[in-house]
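Coordinate inspection notes
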Amino acid sequence: MTDDTSGTLDEALERLHASGPERHGWLSNHAPMAVEALVRHGQGRTVHRWLDRYREKLEEMPRSYAAITEENWHEALGDPRRLADWPAYFDRELADHPWQDVLAVWWPRLLPGIAGGATHPVIRVGHAVRTLLDDPDTTAAPRTAELAHALGYWAARHAPLPPLRQQPGPASGSAADALAAVEPIADQSGGIRERLARLTAFPTWPPTTPTTEPAPSSDGLAGLADQPEEAHRRLTELVRAATHRYATHGHGEPIMLVHAATAPNAVLRVLPALPGELWAPSLDAAWAASAAVTAVYAPSEPLPVDRLPSAVDGQDVTPEEVFAHAAAHGDEHAIKLTDTALDVARGADPMALAAALHACAMIDPVL
C-alpha cells in the first residue's frame, strides 16, 4: 500500500468512525471493510464516491450504556447494548499498549464467539489487521482506531455456537471434502441467528496427522497445537476450498454464503500478528465459522461447472480486471468476496476468479 493509497484509506476511515457498526438494529456496516479492499486493489480513486452512495446505510454510533473496565468486561461480553462502550474500551487499551499485544490478549477471548454478528466482526478485524501489518510499527490513528472499532464490534456481538457433536471427517482429509460433508440444517428459514441455533453437529476437520497425504480424521487440534505452520497451511487450504465452493454453491444464498470464505480468510490474515500458539485454535474457530455458514445456507445441489462464469464479456480476464469489475458492480459483498478470491488466486486459479465473477452475477449491482 503506497503513501497515497494509505492517505485515502485513512481519510475514509476517519469519515466512517462517527458511524456505528450496524444499522436497523442488526445489519452490519460493511464500509470499513469494503474501502480497505478498494484501496488495496488499486481502486482508491473510487473510495469517496463509493462512500457517498453507501452513506444512506450508515447510522450514528449508539449512545454509551456503561463504561467497560478490567473488572466488568466478562459480563459485558456479547451485550449489544455496549456497541459504543466496547470501542471506547479498546481505544484506551490501544493508547496504552502496542496493538499486537492487545490483539494477543483479546483474540483467544473473542474466538469462541466468531459467528457473532454473522461473522462480520471477525472479518472487520481481519481487514484492520491487514492494514496494520503493512507497517507493524505504525501509530496512524485511523488504522488503530479501526482496530478498536472492529474488536469492539466483535466483543459486543460475541455469540458462541451451540454445543455440537463431532461427526467423522472425510477420509481424504481435504478441506473441500470436509465442507462437502457438512449437512445442511433441515430448516433453513429465518435469519442467521435463528439458523445457527439449529446446528447440532459438524464433521471433524482438520485430520490429526499434519501431512499432505490422506489421513483419518479425529481431533484436528491434537496434531497441530505445536505446529503453527501446519495450521497456517490448513487454514489456507480451507479458504481456497470455501472460495471454490462459492462458485458452485453460492446460488443457495449469494450474500450470506460469501462469509463461508471471507470469515476464515479474515482469520488467515490475522495469523502473522499472533503468537504461534494461537494459530491452531484460530484454525479450529475458522473451520467452525465456515462450516456453520455452509450448514445454514448451502443449497442441496451445486451449480453445474459448465454454467460458471469464467470471463467478462466473453473474454478471459486478469485478477486486476476481475476486481475492477467488482468495484464497478459496487456491492460490498461482491467486493469482499472478490478481495478474498484474489488472495486465493495468487498465481493461476480460474475457479477462484469464477467465484468472484459469480458473486457479481448473482448479487444485485449498486446503480
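Cut-off values and rules
- Residues numbered from 1 in each chain as written.
- Predicted model: local features only at pLDDT ≥ 70, side-chain atom pairs only at ≥ 80, totals over all residues.
- Heavy atoms only, no water.
- Helix = DSSP H or I, 4+ residues; strand = E, 2+ residues; numbered from the N terminus.
- Buried < 20%, exposed > 50% of the residue type's maximum accessible area, 1.4 Å probe, protein only.
- Contact = heavy atoms within 4.5 Å.
- Areas by Shrake-Rupley, 256 points an atom, 1.4 Å probe, with all protein chains shown as cover.
- Phe/Tyr/Trp six-rings, centres within 6.5 Å; stacked < 30°, edge-to-face > 60°.
- Core = buried A, V, L, I, M, F, W, Y, C linked by side-chain atoms within 4.5 Å.
- Axes fitted to C-alpha atoms, helices over the stretch in contact; angles between N-to-C directions.
- Parallel < 35°, antiparallel > 145°, perpendicular 65-115°, else oblique.
- Left-handed = near helix turned anticlockwise from the far one by under 90°.
- Nonpolar A, V, L, I, M, F, W, Y, C, P; charged D, E, K, R; others polar.
- Arc of directions from axis to C-beta.
- Salt bridge = Lys/Arg side-chain N within 4 Å of Asp/Glu carboxyl O.
- Expected span 1.5 Å × (residues − 1).
- pLDDT = per-residue confidence, 0-100.

Along the protein, the regular secondary structure elements total 16 helices and 4 strands. The buried share of the protein, taken over its 367 residues, is 57%. The long-range fraction of contacts in the protein, counting pairs at least 24 apart against all pairs at least 6 apart in sequence, stands at 76%. When the accessible area of the protein is evaluated, it comes to approximately 15100 Å², of which 52% is carbon and sulfur surface.

This part is about unusual backbone geometry. The step from tryptophan 205 to proline 206 runs through a cis peptide bond, and the omega angle for that step is 5 degrees. On the secondary structure map, proline 206 appears in the loop between strand S4 (201-203) and helix H11 (228-249). Positive phi, normally seen in glycine, also occurs at histidine 24, with a value near 55 degrees. Note on histidine 24: relative accessible area 63%, which makes it exposed. Unlike most non-glycine residues, alanine 118 shows phi in positive territory, near 60 degrees. Structurally, alanine 118 can be placed in the loop between helix H6 (99-110) and helix H7 (120-134). A relative accessible area of 4% means that alanine 118 is categorised as buried.

To continue, consider the packing of aromatic side chains. One pair of aromatic rings is described through two measures. These are the centre distance and the angle between the planes. Using the criterion set out here, one finds 10 aromatic pairs in the structure. Their ring planes at 15 degrees and their centres at 4.8 Å tell us that tryptophan 50 and tyrosine 54 sit as a pair that is stacked. Of this pair, tryptophan 50 and tyrosine 54 both sit in helix H3 (residues 47-54), separated by 4 residues, roughly a single helical turn. The pair tryptophan 50 / tyrosine 54 is uniform in exposure class, with both members buried. The interplanar angle of 80 degrees and the centroid separation of 5.1 Å between the aromatic rings of phenylalanine 90 and tryptophan 106 together place this pair among those described as edge-to-face. Highlighted residues: phenylalanine 90 in helix H5 (residues 85-96) and tryptophan 106 in helix H6, separated in sequence by 16 residues. Neither phenylalanine 90 nor tryptophan 106 differs from the other in exposure class; each is buried. What links up through ring pairs into an aromatic cluster is the set Trp73, Trp86, Tyr89, Phe90 and Trp106.

Here we come to the nonpolar core. Grouped together as the largest cluster of nonpolar side chains are 110 residues, with contacts concentrated most on Trp86, Leu103, Trp107 and Val125. Examining the composition of this core, we find that 12 residues originate from one element, helix H13 (residues 279-297), more than from any other. With residues up to four places along the chain from it excluded, the contact list for tryptophan 107 reads Val122, Val125, Trp154, Val267, Val270, Leu274, Leu278 and Ser282.

The interhelical angle for the contact between H11 and helix H12 (residues 259-270), taken along N-to-C directions, is 155 degrees, at an axis separation of 8 Å. Put simply, H11 runs roughly antiparallel to H12. The handedness of the crossing between H11 and H12 is left-handed. Contact residues: H11 offers His232, Leu235, Thr236, Leu238, Val239, Ala242 and Thr243, while H12 offers Ala260, Ala261, Pro264, Asn265, Val267 and Leu268. When grouped by side-chain class, the residues that make up the contact of H11 with H12 number 9 nonpolar, 4 polar and no charged.

Every α-helical turn comprises 3.6 residues, leaving residues that sit three or four positions apart pointing alike. Buried within H3 we find Val47, Trp50, Leu51 and Tyr54. Buried residues along H3 cover an arc of 100 degrees about the axis, so they all sit on one side.

Further remarks concern the pattern of salt bridges. Tallied over the full model, the rule gives 20 salt bridges. Ionic pairing is found between glutamate 230 and arginine 234, a salt bridge with its closest N-O pair at 3.7 Å. In this pair, glutamate 230 and arginine 234 are both assigned in helix H11, 4 residues apart and thus about one turn of the helix distant. Each member of the pair, glutamate 230 as well as arginine 234, carries the same accessibility label: buried. Across the pair arginine 269 and aspartate 339 runs a salt bridge, and its minimum N-O distance is 2.7 Å. With arginine 269 in helix H12 and aspartate 339 in helix H15 (residues 332-344), the pair connects residues that are 70 residues apart, well separated along the chain.

For the rest of this paragraph, the subject is H5. Between its terminal C-alpha atoms H5 stretches 17 Å, which fits the 16 Å expected from 12 residues at 1.5 Å a residue. Asp85, Trp86, Pro87, Tyr89, Phe90, Glu93 and Leu94 are the residues of H5 that are buried. Against the buried residues of H5 lie helix H4 (73-76), H6 and helix H8 (141-156).

Its place among the elements puts proline 350 in helix H16 (residues 350-362). Distance in space between the C-alpha atoms of proline 350 and valine 317 is 9.6 Å, their sequence separation being 33 residues.

Our focus in this paragraph is the confidence of the model for the protein. Mean pLDDT over the protein: 91, with 91% of residues reaching 70 or higher. The low-confidence segment residues 210-220, where pLDDT is below 50, has 31 contacts with residues more than four positions distant or belonging to other chains.

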